[in-house]
Amino acid sequence: MSSLQASVSRLLTFSCVDGPGNRLVLFLQGCNFRCPSCHNPHTIGECDHCGDCLAVCPSGALSRVGQRVIWDEALCTQCDACLDVCPRSASPKVGEMSVEQVVAVVRRYAPLLTGITVSGGEATLRLPFLVALFGAIKGEADLAHLTCLVDSNGFLAEAGWRRLLPVCDGVMVDLKAWKESVHLSLTGRSRGRVHDSLRLLARAGKLAEVRLLHIPGQSDLLEHCAELASLLAELGPVPVRINGFRRHGVRGEARLWSSATPSELAQFADALRDRGCRSPIGLPAL
């Protein structure tokens, strides 16, 4: 089994909101988008061990050993003061896990699981680890029934998807804006590769869900609903989930943005249906 490692921000042994059924969810550290709306901004950057977090830790869970900041989980009270002060949107509480270690955790809970979802940050930034992990799960007789999903921003290039898809059961992709200028302002990246990924995954039968983000006064998907509905029709009967922006956990300018209301999200869903969208559309639970 592979000894490849990845930086893990968090591991949830059970989740019912990260894909179908009961799922183990692995959140990997690091993201190539810079979204002001991110609810987990501490998963964006990589810790450079600068030490800014040492002085604000009230429990002494952080210390410097040589040139590295070390986290003592036993002393940590999860106050997250270290996350709030980090200038890199990183976390000193990230740990390295090997494929072998993750598979061991998956095996422990496998009888209660439907599958595993790898999220982030952006999971596909750790492509060799992801391919090795899913391949290992598929290669174990007692784990092969588990589905392997990825939660992604869709920015992986085609060659990368071609490596991943043979061992991946599906990908959930976020679409956060329509116009290039708006996508750049909301993610820091071009929209082109995201659209390419949606089409590639749909053709391969591996597009598990399209997730649309509505940010009142900031995003433009509702404004370009006709073009969006046309793209969704091209992708086929892929489930669509409309997510509304919430200020919880965000930093910077996004703390002043308006949250999406249930009526606004319902209006968005109705607009898509009125323009011919036949995909099943999900809305957040009230």
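Owing to the predicted nature of the structure, the values given are computational and were not obtained by experimental measurement. Residue numbers restart at each chain and count upward from 1, following the sequence in its written direction. This being a predicted model, a pLDDT of at least 70 is required before a residue's local features are given, and a value of 80 or more before pairs of side-chain atoms are given or counted; all residues contribute to the totals for chains, interfaces and linings. For the side-chain quantities, the full set of heavy atoms in the structure was used; hydrogens and water were omitted.

**Some points on the nonpolar core**
Then, in step 1: Formed by 69 residues in total, the largest nonpolar core has its most connected members in Ile 116, Leu 133, Phe 134, Leu 212 and Leu 272.
Then, in step 2: Here this core gets eight residues from one element, more than from any other, and that element is helix H3 (residues 127-138).
Then, in step 3: With near-sequence residues (within four places) excluded, Phe 134 lies in contact with Ile 116, Val 118, Cys 148, Leu 149, Val 150, Leu 164, Val 167 and Cys 168.
Then, in step 4: Listed in part, the nine residues of the second largest apolar core include Leu 186, Ile 215, Ala 254 and Trp 257. Nonpolar cores are built from buried Ala, Val, Leu, Ile, Met, Phe, Trp, Tyr and Cys residues. Side-chain atoms within 4.5 Å join them into one set. Burial classes: relative accessible area under 20% of the type maximum marks a residue as buried, over 50% as exposed, and values in between as partly exposed (1.4 Å probe, protein chains only). Runs of E in the DSSP output that reach at least two residues are strands. Runs of H or I that reach at least four are helices, and both are numbered from the N terminus. Whether two residues touch is decided by their heavy atoms; if any such pair falls within 4.5 Å, the residues are in contact.

**Here we look at the UniProt feature "domain: Radical SAM core" (unreviewed entry) in the protein chain**
Then, in step 1: UniProt positions are given in the numbering used here, feature names are shortened, and annotations may be inferred rather than shown by experiment. Using the residue numbers shown here, the UniProt feature "domain: Radical SAM core" (unreviewed entry) corresponds to residues 17-278.
Then, in step 2: A distance of 23 Å separates the end C-alpha atoms of residues 17-278, which is 30% helix and 18% strand.

**Focus: the domain arrangement of the protein chain**
Then, in step 1: Domain limits in this description derive from either an automatic procedure or a database domain assignment. Domain boundaries assigned for the protein chain yield domain 1 (5-42 + 95-282) and domain 2 (50-85).
Then, in step 2: Centre-to-centre, using C-alpha coordinates, domain 1 lies 30 Å away from domain 2.

**Looking at the pattern of salt bridges**
Then, in step 1: The term salt bridge refers to a pairing of a side-chain nitrogen on Lys or Arg with a carboxyl oxygen on Asp or Glu at a separation within 4 Å. Tallied over the full model, the rule gives twelve salt bridges.
Then, in step 2: Among the ionic pairs, Glu 209 bridges to Arg 211, the shortest N-O distance being 2.6 Å. For the residue pair Glu 209 and Arg 211, the accessibility class agrees, reading buried in each case.
Then, in step 3: Among the salt bridges present, the one from Arg 273 reaches Asp 270, with a minimum N-O distance of 3.2 Å. Residue Arg 273 and its partner Asp 270 are located together in helix H8 (residues 262-274), separated by three residues, close to a single helical turn.
Then, in step 4: On the accessibility criterion, Arg 273 (38% relative accessible area) is partly exposed.
Then, in step 5: Residue classification places Asp 270 among the partly exposed positions, given a relative accessible area of 40%.
Then, in step 6: What you see here is one network of salt bridges that share partners, running through Asp 151, Glu 209, Arg 211 and Arg 241.

**What about the side chain of Ser 91?**
Then, in step 1: Along the polypeptide, Ser 91 turns up in the loop between helix H1 (81-85) and strand S5 (95-98).
Then, in step 2: Taking relative accessible area as the criterion, Ser 91 reaches 7% and is therefore assigned buried.
Then, in step 3: Polar contact criterion, stated in full: a pair of N or O atoms within 3.5 Å, where within protein one must be able to donate a hydrogen and the other to accept it, and residues adjacent in sequence count only if both atoms are side-chain atoms. At 3.0 Å, the side chain of Ser 91 forms a polar contact with the backbone nitrogen of Lys 93.
Then, in step 4: Those residues in contact with Ser 91 that lie beyond four places of it in its chain are Gln 29, His 42, Cys 47 and Leu 83.

**Quick notes on the sheet that holds strand S6 (residues 115-119)**
Then, in step 1: The nine strands lie next to each other as S5-S1-S2-S6-S7-S8-S9-S10-S11, forming an open sheet whose pairing is mixed. Looking at strand neighbours, the two that pair on one side only are S5 and strand S11 (281-282), the edges of this open sheet.
Then, in step 2: Here the axes come from fitting lines to C-alpha atoms, over the contacting stretch only for helices, and the angles between their N-to-C directions go from 0 to 180 degrees. Contacts between helix H2 (residues 99-109) and the sheet are confined to strand S1 (5-15), strand S2 (23-28), S5 and S6, with S5 contributing the most and set at about 80° to the helix.
Then, in step 3: Running at roughly 160° to strand S7 (residues 147-152), H3 makes contact with S1, S2, S5, S6 and S7 of the sheet. By the convention used here, strands pair only if DSSP detects at least 2 bridges between them.

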